[in-house]
Amino acid sequence: SALSVPFPSPLEADIARGSLAPDVEPHREVVRKEFTVNGSVLAVHWRAEDSRLLRTSIINFLDQLSLVMRTMQRFGPPVPR
């Protein structure tokens, strides 16, 4: 399964990846998650043999993504370093 999330800028996509990638999957031996940033798009690819665990991983990711996006909107665009 895959999901692409567009952001207003490449910097914001990279910040989102950095915020979301460190979260360890509870079932990492069964569910694998890979993040890539291409321009201003964050792409997430999942591999799982168990559809229930895949669904749980995606739902948890969407919750975390929502928090990251709300935080970015609250504090405004990032300042390039």
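All figures in this text were calculated on a predicted structure; none of them were measured in a lab.

Before we move on, can you summarise the overall build of the protein with the specific residues and values?
Helix and strand content of the protein: two helices and three strands. Starting at the N terminus and ending at the C terminus, the protein contains elements arranged as β-α-β-β-α. Principal-axis analysis of the C-alpha atoms places the extent of the protein at approximately 40 × 25 × 15 Å. Taking the intrachain contacts of the protein between residues at least 6 apart in sequence as the baseline, contacts between residues at least 24 apart amount to 59%. Accessible area of the protein: about 5600 Å², with a carbon and sulfur share of 53%. Charge centroids of the protein, computed over 10 positive and 9 negative side chains, lie 3 Å from each other.

Break down the sheet that holds strand β2 (residues 31–38) for me, with residues and values.
Judged by pairing direction, the sheet is antiparallel, and its three strands sit side by side in the order β1-β3-β2 without closing on themselves. Two strands in the sheet have a free side with no partner beyond their single neighbour: β1 (2–6) and β2. Ignoring strand direction, the axes of neighbouring strands in this sheet form an average angle of 15°. Bridge count between β2 and strand β3 (residues 41–48): eight bridges; the pairing is antiparallel.

A description of the pairing of β3 should follow, citing residues and the corresponding values.
In this structure, β1 lies alongside β3, joined through five bridges in antiparallel fashion. Each residue of the ladder has a partner; that of Val5, found in β3, is Leu42. Linking β2 back to β3 in an antiparallel pair, the connection comprises two residues, with Gly39 at a positive phi of about 65°.

The rules behind these values
- Residues numbered from 1 in each chain as written.
- Predicted model: local features only at pLDDT ≥ 70, side-chain atom pairs only at ≥ 80, totals over all residues.
- Heavy atoms only, no water.
- Helix = DSSP H or I, 4+ residues; strand = E, 2+ residues; numbered from the N terminus.
- Contact = heavy atoms within 4.5 Å.
- Areas by Shrake-Rupley, 256 points an atom, 1.4 Å probe, with all protein chains shown as cover.
- Lys, Arg positive; Asp, Glu negative; His and termini not counted.
- Charge placed at Lys NZ, Arg CZ, Asp CG, Glu CD.
- Pairing = 2+ DSSP bridges.
- Axes fitted to C-alpha atoms, helices over the stretch in contact; angles between N-to-C directions.

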